[in-house]
Amino acid sequence: MAKRTAKPTGKKNEYWCIWVLLLVFCIAAVTAFAGTCAAKSELPQGVGQILTGEAFEAVKHRNSALIDYAHLTANADFPRTSNISKITIHHMAADLSLEKLGVSFGKQDRKASANYAIDRTGRVALYVEEQNRAWSSANFENDDMAVTIEVANDRIGGDWHVSDAAYEKLIALCTDICRRNGIEELVYTGDPSGNLTTHRMFFAQTECPGPYLESRMLEIAAAVNANLQHGA
Ligand SMILES: [Zn+2]
């Protein structure tokens with residue numbers, strides 16, 4: 001008799017275990033889904049999108065009025081933790097359109113970005129708002145203090161030349177960044193102690209920003225400082 005009554009109880013126990021396992025699985029799935037949604041919702045509005053209309057005007061107002069295009073990337077820290085006190089200049093090592101660079105920075109596995117870029121015609125794009133830390137210079141501390149700018153090359157290789165239009169816009173953008181962020185003077189020392197820095201100062205294996213821009217760093221600082229002093 002004892003054996004006959006034991007069998008159904010055993011099956012009941014088996015079903016009970018399956019239901020508990022199913023319940024645990026459901027709870028885990030719901031928790032994982034909620035976690036993913038929460039992580040996505042932590043990103044500021046507009047990130048991952050090409051901005052137009054009012055959204056574009058809003059980021060233009062919060063950042064540089066010189067921008068022509070905005071495609072915000074999730075490859076950044078939101079927000080940066082240091083005050084803006086530096087500018088870091090990069091070159092693209094390519095002649096990309098602002099749209100193509102935006103697609104490239106949009107790839108999250110690439111883990112790269114910049115606050116701004118300038119194409120060979122002098123158009124300016126925003127990819128990471130100034131209040132956030134772009135992933136540009138292989139150096140957390142520098143990127144946390146710096147607004148970073150990518151400049152397109154109009155010659156590939158060699159001295160990695162950039163066009164006059166891009167160069168002139170770089171001066172204008174640096175001036176605007178200094179003015180809005182209370183940077184009174186740009187100082188290029190050739191090492192990270194100055195507040196005009198380059199990628200190569202933090203990552204010896206890169207040529208960035210290339211010999212052409214690097215040879216003009218003192219000139220860039222002088223032109224920006226003249227603008228700051230004379231209100232140009
Ligand atoms: Zn670089």
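So, here is what we can say about the structure in this document. Since the structure is predicted, the reported quantities are computational estimates derived from the model, not experimental observations.

**Considerations on the overall build of the protein chain**
Reasoning step 1: When its secondary structure is counted, the protein chain shows seven helices and eight strands.
Reasoning step 2: Buried residues in the protein chain amount to 34% of all 232 residues.
Reasoning step 3: If you take every contact in the protein chain between residues at least 6 apart in sequence, the share linking residues at least 24 apart comes to 71%.

**Digging into unusual backbone geometry**
Reasoning step 1: Residues Phe78 and Pro79 are joined by a peptide bond in cis, for which omega reads -10 degrees.
Reasoning step 2: Omega for the bond connecting Cys208 with Pro209 falls within 30 degrees of zero, at 15 degrees, which places this linkage in the cis form.
Reasoning step 3: Mapping Pro209 onto the fold places it in the loop between strand E8 (196-198) and helix H6 (210-215).
Reasoning step 4: With a phi close to 55 degrees, Ala93 is a non-glycine residue in the positive phi region.
Reasoning step 5: Here Ala93 is to be found in the loop between strand E3 (86-91) and helix H3 (98-106).

**Considering the sheet that holds E8**
Reasoning step 1: Ordered by their spatial adjacency, six strands build an open sheet running E1-E5-E4-E7-E3-E8, and the pairing between neighbours is mixed. In the strand order of this sheet, the two ends are held by strand E1 (69-70) and E8, each with one partner.
Reasoning step 2: Bridge analysis of strand E4 (residues 116-118) against strand E5 (residues 124-126) gives three bridges, and the strand direction is antiparallel. Bridging across to E5, Ala117 finds its partner in Ala125.
Reasoning step 3: Contacts between H3 and the sheet are confined to E1, E4, E5 and strand E7 (146-151), with E5 contributing the most and set at about 25 degrees to the helix.

**A look at H3**
Reasoning step 1: The set of residues buried in H3 consists of Leu98, Leu101, Gly102 and Phe105. On an axial view of H3, the arc spanned by its buried residues comes to 105 degrees, and they lie on one face.
Reasoning step 2: Summarising the contacts, the buried residues of H3 are in contact with E1, E4, E5 and E7.

Cut-offs used in this document
Residues numbered from 1 in each chain as written. Predicted model: local features only at pLDDT ≥ 70, side-chain atom pairs only at ≥ 80, totals over all residues. Helix = DSSP H or I, 4+ residues; strand = E, 2+ residues; numbered from the N terminus. Buried ≥ 20, exposed ≤ 12 C-beta atoms within 10 Å, placed from the backbone. Contact = placed C-beta atoms within 7 Å. Pairing = 2+ DSSP bridges. Axes fitted to C-alpha atoms, helices over the stretch in contact; angles between N-to-C directions. Arc of directions from axis to C-beta.

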